[in-house]
Amino acid sequence: MGNPLEGSRGPGYFNESVPLSFVGPPHRGYLPAVSYTDGLNPRQQQAVAHFRGPLVVFAGAGSGKTRVITHRVAQLVGEHGVAPWRILAVTFTNKAAGEMRERLAQLLPSGADDLWVGTFHAVCARLLRRYHEEASVRRDFVIYDDADQKAMVTRILRDMGLDERRYHPRMVAGAINRSKQEGRGVDRFEAGDDFERVVAEIFRIYDQRMQDCGALDFGDLIFRLVDGMRNNPDLLSALQDRFEYVLVDEYQDTNHLQYLLVQMLCERSRNLCVVGDDDQSIYRWRGADRRNILDFTTHFPDATMVKLEQNYRSTKRILRVAHAVVSRNVDREPKELWTDNDEGPRVTLIGCRDERDEAATVVKGMEMLLEAGYARREVALLYRTHAQSRVFEEALRYSELPYRVIGGVRFYDRAEVKDLLAYLRVVHNPDDDVSLLRIINTPTRGIGKTTITRLLDAAAREGVSVWKALQAADSDANQSSSAKKALGRFRALMGTLRELAEQGEGPARIAEVALDETGYLAVLQDEDTAEADARVDNLREVVGSMFEFERDAEEGTLAAFLELVTLQTDVDRIDDDDAITLMTVHAAKGLEFPIVMVAGLEEEMFPSRGAGPDDDPEELEEERRLAYVAFTRAEQRLFLSYALTRRVYGELKYRRPSRFVEEMPREELELVGETSTPRPGRSFGAGRSYGGSGYGGGPGGGRVARQRFQPPAEPPESRVPSGDSYVDSNEVSDVDGVVLRAGMRVRHKKFGIGEVYDVGDGIPPRVTVIFPGWGKKTLVSNYLEPA
DNA sequence: TCCGAATTAATTTTT
DNA sequence: TTAATTCGGA
């Protein structure tokens, strides 16, 4: 950020680009002799000094937004004497909340403990617990994440006997979530077509089941509070009273439901301050509505508007390139960032043959930068989708460069971690069906499919949770005696664990006993594979984090831990290791790095498919904003790369550089590498597939373990000099009905040689082949080769 | 009931 | 290509 106005102004001021852990001991108790607006530019000062009434701050990338928010809060408390607990500051991520709290702790002598700082979800969860009666929710509700939600929906679909192809669990869950995001309930679908009426029916059962389980999904956390305020004037009044000042960060990414919440909270006080940047709105697909910030002055005609357009982060060149792309958007508030920073070097555009060439070149570039004196932590690689990370990880491991991947399979989503947490969740709330069903036979303990089906039948019959059905299983005539025995053992096991909880043991101790008593740990240890070891490590880490939690948290209870964990994402877990950071552009929002590399600047990739000319133009505009976010993460140098050829699901695809590249001013770019377009139909050293040569060991390779300081891997094969001798082994998949024709002879690994009967469609084409002795088989063309 | 094999589905983006 | 789920045999 390097605000020239700040720098070495003495304690109490620090450069925002320096991670907090580097700042040294917090200056707790220190109050600047000057005012909270000192050292800020006039616009920033205006925003900070604003006291009462609505305020909207358009804060461009790197314009010192966080500084403004924290200083404003500090000003409210320190200068206007507002009680900290009457201020609510909502952020987008837990990490942002943590940073804000930390900075405020340094600015305020009284500390930041009493302030309400958190994400919408975390804040609402906390309020729902406090006002559970008024909002009609269970005090001990558990939070279901997307996977839990999907499991719940799937179970309902099966119970209803619906075709899961037509009613896709993800789609149904999406519909349910969308309706909540709009602030509406089941009624959203009741008047719809046949399909929507079925969704409404699923929705109703879903709500009922969730209630029986004492569970709330992410959407519920906000929806139930808003709904409670709508239906209960006492609750509305209590909350309006409680929060005298409300601040919302990243307001451009709020959805309608969040908008409603904020409106209701501030209706009385009107002390609402929203901060955001419509150019950085990148969550439309999740219901975010840029209108919220763009129309703020319509909602509040008396609002003060402040625009922060001075950027303290990037070079002039980087800003020009970013602006060139985003300014193509039609639907946007016109504005342009400017900076006093250096002109800087040109943006480097790297053309590559294929994705492996891209990885090798990018990593080579990183090595050069590191040699030139940059620290690993100063380098970030951004991509559009997680799937892109793999080749880069391989290249980085080969080069023995420490790296970390943010996102992807979230730590708390790993199977073994979820299993352990499921035990704890059932201990906390045995009616939690999804968790109970997850662990009832994990590790296997003789409770098979039939037993579970009978148990579920009994639960449905009685209209009770699975746990309650489990209690009554002994008198269920449908259950065999051996099944009853197994169920009894499981009951006893959970009884032991629940007793621990009742005795006031914390999550860590319960987890240890659970891993021990269930034999879960022993099963893994017996496996004795690299993957199992990694899983054991992960479990250790979870238990370790529980101990840490018990030691540090204000309230180290099981309930508190479970809540924290479900609302936690990987972005929140960026640590201090000196490693290169890999993440999606979405995950990078709000971060900054001296060096930023953005990979995969190709059509269909970035902009992603679905943003094409036939599609919703809004999609393309969002892709542009996404590119804008990516580029403006960079402080000093920006590298962009694309591959002319890429393997998508093992299928070779020819790619064109992204239209965004065309949109950039030529003179700002420095071109490197391959720029010619390859001709389809000729192999040109795309390299052979790895063919499961054991990279990283086990499914998902190194993804099982946390991504840090990986051992060296085998050399990525793009290092092998490529030449004409390399023929793409999957050539047959490039068929599209041209290469593969009915009547052709093909070979399959298992079925041997057969004759093509029919060529169907599908993304990898489906081909029907008659194999002598096997009959007619429909297969994905990838697994066939010409014979 | 359990395990390995076969099939098939999936690729944006996440609180 | 890979991960997840279903299938089929013991």
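Values in this document were obtained by computation on a predicted structure and should not be read as measured data.

**Topic: the sheet that holds strand β2 (residues 87-91)**
In step 1: Ordered by their spatial adjacency, six strands build an open sheet running β3-β2-β6-β7-β1-β8, and the pairing between neighbours is parallel. Two strands close off the open sheet at either side, each with one partner strand: β3 (116-119) and β8 (304-308). On average, each strand axis in the sheet is tilted by 15° relative to the strand beside it, whichever way the strands run.
In step 2: Examined bridge by bridge, β2 and strand β6 (residues 245-248) share four bridges and lie parallel to one another. Bridge assignment links L88 to a residue of β6, and that residue is V246.

**Describing unusual backbone geometry**
In step 1: Each neighbour pair has its own omega, and for T442 with P443 the value is -5°, a cis peptide bond.
In step 2: Its place among the elements puts P443 in the loop between α18 (433-439) and α19 (449-462).
In step 3: In the segment running from F606 into P607, the intervening peptide bond is cis, with an omega of 10°.
In step 4: Secondary-structure assignment places P607 in the loop between β15 (593-598) and α27 (617-631).
In step 5: Even without a glycine there, the phi angle at E400 is positive, about 60°.
In step 6: Within the secondary structure layout, E400 lies in the loop between α16 (389-398) and β13 (403-405).
In step 7: Phi angles above zero are rare outside glycine, and E604 is one such case at about 80°.
In step 8: One can find E604 in the loop between β15 and α27.
In step 9: The class of E604 is partly exposed, set by a relative accessible area of 46%.

**Looking at helix α21 (residues 481-502)**
In step 1: Here α21 spans 31 Å end to end across 22 residues, near enough to the 32 Å set by a 1.5 Å rise per residue.
In step 2: Inspection of α21 places A483, A486, L487, F490, R491, L493, M494, L497 and L500 among the buried residues, and these make up the whole buried set.
In step 3: Its buried side turned inward, α21 meets α17 (415-428), α18, α19, α20 (466-471) and α22 (507-517).

**Points about the pairing of β2**
In step 1: For β2, the tally of buried residues reaches five of five residues, placing the bulk of the element in the interior.
In step 2: Along β2, one buried face is formed by I87, A89 and T91 and the opposite face, lined by L88 and V90, is buried too.
In step 3: Bridging between β2 and β3 involves four bridges; their strand directions are parallel. In the sheet register, L88 faces β3, and the bridge partner there is W116.

**A short note on the pattern of salt bridges**
A side chain with one charge may pair with a side chain of the opposite charge, provided their charged atoms come close.
In step 1: Tallying each qualifying case throughout the model produces 51 salt bridges.
In step 2: Between E592 and R313 there is a salt bridge, and its shortest N-O distance comes to 2.6 Å. Placement of the pair is E592 in the loop between α26 (585-588) and β15 and R313 in the loop between β9 (310-311) and α14 (316-326), with a sequence separation of 279 residues. For the pair E592 and R313, a shared accessibility class is recorded, and that class is buried.
In step 3: For R320, the salt bridge goes to E668, with nearest N and O atoms at 2.6 Å. Pair noted here: R320 is in helix α14 and E668 is in the loop between α28 (659-663) and β18 (669-673), with a separation of 348 residues, a long-range link.
In step 4: Judged by relative accessible area, R320 falls into the partly exposed class, the value being 31%.

**Remarks on empty space enclosed by the protein**
In step 1: Taken as a whole and assessed by the stated rule, the structure comprises nine cavities of 30 Å³ or more.
In step 2: In this structure, the second largest cavity occupies an estimated 120 Å³ of space.
In step 3: Lining the second largest cavity we find 16 residues, and of these G60, D279, K335, L337 and Y628 sit closest to its centre.
In step 4: Mapped onto the lining of the second largest cavity, the elements with two or more residues apiece are β1 (55-59) and α14.
In step 5: At three residues, the largest contribution of residues to the lining of the second largest cavity is made by α14.
In step 6: Along the lines of polarity and charge, the residues of the lining of the second largest cavity split into seven nonpolar, three polar and six charged.

**Here we look at the environment of C273**
In step 1: When you line up the elements, C273 lands in strand β7 (residues 272-276).
In step 2: Discounting residues that sit within four places of it in the chain, C273 has contacts with L55, R72, V246, L247 and V248.

**A few points about the environment of T304**
In step 1: Note on placement: T304 falls in strand β8.
In step 2: For the pair T304 and R377, spaced 73 residues apart in sequence, the C-alpha to C-alpha distance is 39 Å.
In step 3: In contact with T304, other than residues within four places in its own chain, are Q46, H50, P54, L55 and V56.

Rules used in this analysis
Residues numbered from 1 in each chain as written. Chains lettered and ligands numbered in written order. Predicted model: local features only at pLDDT ≥ 70, side-chain atom pairs only at ≥ 80, totals over all residues. Heavy atoms only, no water. Pairing = 2+ DSSP bridges. Helix = DSSP H or I, 4+ residues; strand = E, 2+ residues; numbered from the N terminus. Axes fitted to C-alpha atoms, helices over the stretch in contact; angles between N-to-C directions. Buried < 20%, exposed > 50% of the residue type's maximum accessible area, 1.4 Å probe, protein only. Expected span 1.5 Å × (residues − 1). Contact = heavy atoms within 4.5 Å. Salt bridge = Lys/Arg side-chain N within 4 Å of Asp/Glu carboxyl O. 1 Å grid on protein atoms, 1.4 Å probe; cavity = no way out; pocket = protein on both sides within 12 Å on 5 of 7 lines; lining within 4 Å. Points joined across faces, edges and corners; volume = space filled by probe spheres on them. Nonpolar A, V, L, I, M, F, W, Y, C, P; charged D, E, K, R; others polar.

All quantities given are derived from atomic positions and should not be read as evidence of function.
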